[in-house]
Amino acid sequence: MSAAGLSATRPSSGLTATLQHARHVITENPVTGLAFALFLLLVMTAILGPSLVPYDPLATDSSASLRPPSARHWFGTDQLGRDIFSRVVVATRLDMIIAVTSVAVVFAAGGLAGIAAGYFGGWTDRIVGRLADTIMAFPLFVLAMGIVAALGNTVTNIVIATAVVNFPLYARLARAEANIRRDAGFVMAARLSGNTDLRILLFHIMPNILPIMVVQMSLTMGYAILNAAGLSFIGLGVRPPTPEWGIMVAEGAAGIISGEWWVALFPGLTLMGAVFCFNLLGDGVRDIVDPQRRT
Amino acid sequence: MRVARQIGQRLVTALPSVAGVIVVTFLLTRILPGDTAAYFAGPAATPAAIEEIRARLGLDQPLPVQFLHYVGDLARGDFGASLTTGQPVLADITARLPASAELVLVALVLAVAIAVPLGIVAALKERSMIDHACRVVATAGVSLPVFFTGLLLVYVFYYILGWAPSPLGRLDVFASAPPTASGFFLIDTLLAGDVETFRATLAQLALPAATLAIFALAPIARMTRGAMLSVLGSDFVRTARAAGLSPGTVVMGYAFRNAVLPVITTLGMVFSFLLGASVLVEKVFAWPGIGSYAVEALIASDYAPVQGFVLVMAVLYLLLNLCIDILYGLIDPRVRIDA
């Protein structure tokens, strides 16, 4: 009997079992492992990036404009002679902050609204449902454009717009999950022992549907980044010279037809890699927290 | 007769969505940053002039009254005027809508033509190379920023290979547009018998349509594969096979006909994505559609076109969902359209 076989038979506490399972999921499928590694890299870049880059991302140098990639400038330089590598690295923080904040906002708002709708039913349910339906009646990116146009052209409003267009997804999921559990034994027991509705919602139903919601979060992260980058590509939210992937691709768009491919390519590839990472990560996270739904 | 009544009933169920869309676009016009009247009056306006404009725009009225005025304006087809073009927004949008519609529809047809066979083959040969390829395409497709794909295609096919014409609009600057019949250049050129312009139109359309199609491929292929897999595992397919029907009849006549319903449902969602993504693609390819119109207006802080654009897009999307539901009822008589 090998050591692995022994440890598998040993009863383990909840946390260690989860960690073991997580390690198993990450190591079993190399793609999932890669996604987690990329995610760590993204997080580290977002935290440490600005203090590691070789050049000031805003410093222009007209004598070195539009240089192709070289040992001095790994990703080349743009029209104003700014180092693209430094700009791509520094942009990670802003893009990640936009994605994480918008997903966190919609998680809180959509999740709570959905739970309340599923638990109380009746008018709460009808109002939340109608709200979700109305948002879904728009092509989502178009609605996001309209919201940013109406609220004002700022990064905060990009976060709000991204959160709003994701609202139906979260609200419906939370509603369905809460609805199944509203008459479950543990909820009835909690009600019988005198807990208020609010307490039941927050401390009895919420923890039970948290895993599914977390999976949803990691799956929508990629979409959130794409949405934000798309908005800044058409000139919304992030203003030049702030480095951000979408706006950097927009700045490099003109160079594509005259052969300066590197200005748009590197921020575009990074954006693509980040979204790809989040999409794979979503599947991995689902395998960890919700093993029944493995595909 | 029955179908007509069902369609009528389905139209009625769409009314709340239409109402919701109108309320949202109204709210979007009323939460503009700053004072709308001051904005329209311009920076040099006196307080009295601002008040006058406020009264003329009806902004001194209570919100419900303003809403009624707004609905009345919409009913008369008055979407306001664009500050940049000086034209009524509705006229601008109707002039530019065919360009967008042509782009999105060609992309949708292209995506379906590639994704559905791909999904069917992937399901028939589960866990084969084609199946894995299908999965990679599906995951990569949803990860690609559509504006970046467009630029990559331009670089490869225009700059390096020189196959595609320059990515600047629907037609070469030297070519003249065909006489307008449908507004779709592909159809209009054929009607005019102008094969050369037809070819030029097709060349201009190829890259933007391919960009959108790559984006739309993924969900359609994945849904086709999933639907085919579940149908192929069902009893009636096994019976058909056991009865000795040819594989072609089983797959296309029995399995696919049943798998097509969830695929059509997915098309609705795909269309929502396509309408959004078309804005970005129009910007990349300088396509003179309503998306680039809205983007230009946004950058110039010209709000009426943006609101008109959002409303028109939402209405288009609602109409398409209606068509899908009706199609659904026609394909599957068990489905009641008003459900």
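No experiment lies behind these values; they were computed from the predicted model shown.

**Brief notes about the overall build of chain A**
Check the secondary structure of chain A and you find 11 helices and 0 strands. Of the regular secondary structure in chain A, the N- to C-terminal order runs α-α-α-α-α-α-α-α-α-α-α. By principal-axis analysis of the C-alpha atoms, chain A measures approximately 75 × 60 × 30 Å. Going through the 295 residues of chain A one by one, you find that 46% of them count as buried. For chain A, restricting intrachain contacts to residue pairs at least 6 apart in sequence, the fraction spanning at least 24 positions comes to 69%.

**Re the overall build of chain B**
Secondary structure assignment for chain B yields 13 helices and 0 strands. In sequence order, chain B lays out its α and β elements as α-α-α-α-α-α-α-α-α-α-α-α-α. Each principal axis of the C-alpha distribution contributes one length, and for chain B these read about 85 × 50 × 40 Å. Per-residue burial for chain B yields a buried fraction of 38% across its 339 residues. Partitioning the intrachain contacts of chain B with sequence separation of at least 6 by distance along the chain shows that 70% fall at a separation of at least 24.

**Thoughts on the packing of helix 5 (residues 89-124) of chain B against helix 9 (residues 195-232) of chain B**
Residue and element names in this part refer to chain B. Relative to each other, helix 5 and helix 9 sit at 35°, their axes nearing to 5 Å. Once helix 5 is placed against helix 9, the crossing between them reads as right-handed. Class assignment for the residues of the contact of helix 5 with helix 9 results in 28 nonpolar, 2 polar and 1 charged.

**Describing unusual backbone geometry**
All names here are of chain B. In this structure, Ala286 is a non-glycine residue whose phi angle is positive, near 50°. In this fold, Ala286 is placed in the loop between helix 11 (247-284) and helix 12 (290-299). For Ala286, a count of 13 C-beta atoms within 10 Å corresponds to the partly exposed category.

**Quick word on the confidence of the model for chain A**
Residues and elements named next belong to chain A. Predicted confidence across chain A gives a mean pLDDT of 81, with 93% of residues reaching 70 or more. Highest mean pLDDT in chain A belongs to helix 7 (residues 155-181) (89); lowest belongs to helix 1 (residues 3-9) (44). Low pLDDT, under 50, characterises residues 1-9; the predicted model gives this stretch 1 contact beyond four residues in sequence or across chains.

**Some details on the interface of chain A and chain B**
Tallying the contact residues gives 38 residues for chain A and 41 residues for chain B. Mapped onto the side of chain A that touches chain B, the elements with two or more residues apiece are helix 5 (122-136), helix 6 (140-151), helix 9 (197-233), helix 10 (245-256) and helix 11 (262-289) of chain A. Counting residues per element, the side of chain A that touches chain B draws most heavily on helix 6 of chain A, which supplies 10 residues. Taken together, the residues that form the side of chain A that touches chain B break down as 27 nonpolar, 9 polar and 2 charged.

**Overview of the nonpolar core**
Of all hydrophobic cores here, the largest spans 167 residues; its most connected members are Ile225 of chain A together with Ala107, Leu212 and Ala216 of chain B. Ranked by residue count, the leading element in this core is helix 9 of chain B, at 18 residues. Those residues in contact with Leu212 of chain B that lie beyond four places of it in its chain are Leu103, Val104, Ala107, Leu274, Ala277, Ser278 and Val281 of chain B.

**Here we look at helix 3 (residues 30-52) of chain A**
Residues and elements named next belong to chain A. Its 23 residues place the ends of helix 3 only 29 Å apart at the C-alpha level, less than the 33 Å of an ideal helix rising 1.5 Å per residue. A bend of about 50° at Ala46 is the largest found in helix 3, and the proline Pro50 appears one to four places after it. Those residues of helix 3 that sit buried are Ala35, Leu42 and Thr45. Where helix 3 is buried, its residues meet helix 4 (84-120) and helix 11.

**With respect to the environment of Ala255 of chain B**
Residues and elements named next belong to chain B. Its place among the elements puts Ala255 in helix 11. Here Ala255 falls in the buried class, since 26 other C-beta atoms lie within 10 Å of it. In the structure, Ala255 is positioned 228 residues away from Leu27 in sequence and 47 Å away in space, judged by C-alpha atoms. When neighbours within four sequence positions are excluded, Ala255 is seen to be in contact with Met228, Val231, Leu232, Val237 and Val250.

**A word on the environment of Ile130 of chain B**
Residue and element names in this part refer to chain B. Summarising the element assignment, Ile130 is placed in helix 6 (residues 129-143). Remark: the alpha-carbon pair of Ile130 and Phe26, spanning 104 residues in sequence, is separated by 49 Å. Aside from chain neighbours lying at most four places away, what touches Ile130 is Val121, Ala122 and Lys125.

**Examining the confidence of the model for chain B**
All names here are of chain B. The predicted model of chain B has a mean per-residue pLDDT of 81, with 92% of residues at 70 or higher. The element-level mean pLDDT for chain B is lowest in helix 2 (residues 36-41), coming to 66, with helix 5 highest at 88. For this predicted complex, the interface confidence reaches an ipTM of 0.84, while the overall pTM sits at 0.84.

**What to know about helix 6 of chain B**
An α-helical turn contains 3.6 residues, so any two residues separated by three or four positions project in the same direction. Taking 1.5 Å per residue as the helical rise, helix 6 of chain B with its 15 residues ought to reach 21 Å, and the 21 Å between its terminal C-alpha atoms agrees with that figure. Along helix 6 of chain B, the positions that sit buried rather than exposed are Cys134, Ala138, Gly141 and Ser143 of chain B. Residues of helix 6 of chain B that are buried in the fold lie against helix 9 and helix 11 of chain A together with helix 5 and helix 9 of chain B.

**Details of the packing of helix 6 of chain A against helix 13 (residues 303-331) of chain B**
Axis separation between helix 6 of chain A and helix 13 of chain B bottoms out at 10 Å; the angle between their running directions is 155°. Judged by the inter-axis angle, helix 6 of chain A sits roughly antiparallel to helix 13 of chain B. Handedness of the helix 6 of chain A/helix 13 of chain B crossing: left-handed. Of the residues in helix 13 of chain B, those touching helix 6 of chain A at Val142, Leu143, Gly146 and Ala149 of chain A are Tyr303, Val306, Val310 and Met313 of chain B. Residue composition of the contact of helix 6 of chain A with helix 13 of chain B, by class: 7 nonpolar, 1 polar and no charged.

**Examining the environment of Arg286 of chain A**
Within the secondary structure layout, Arg286 of chain A lies in helix 11. Here Arg286 of chain A falls in the buried class, since 22 other C-beta atoms lie within 10 Å of it.

Cut-offs used in this document
Residues numbered from 1 in each chain as written. Chains lettered and ligands numbered in written order. Predicted model: local features only at pLDDT ≥ 70, side-chain atom pairs only at ≥ 80, totals over all residues. Helix = DSSP H or I, 4+ residues; strand = E, 2+ residues; numbered from the N terminus. Buried ≥ 20, exposed ≤ 12 C-beta atoms within 10 Å, placed from the backbone. Contact = placed C-beta atoms within 7 Å. Axes fitted to C-alpha atoms, helices over the stretch in contact; angles between N-to-C directions. Left-handed = near helix turned anticlockwise from the far one by under 90°. Nonpolar A, V, L, I, M, F, W, Y, C, P; charged D, E, K, R; others polar. pLDDT = per-residue confidence, 0-100. Core = buried A, V, L, I, M, F, W, Y, C linked by C-beta atoms within 7 Å. Expected span 1.5 Å × (residues − 1). Bend = angle between axes of the 7 residues up to and from the residue. Parallel < 35°, antiparallel > 145°, perpendicular 65-115°, else oblique.

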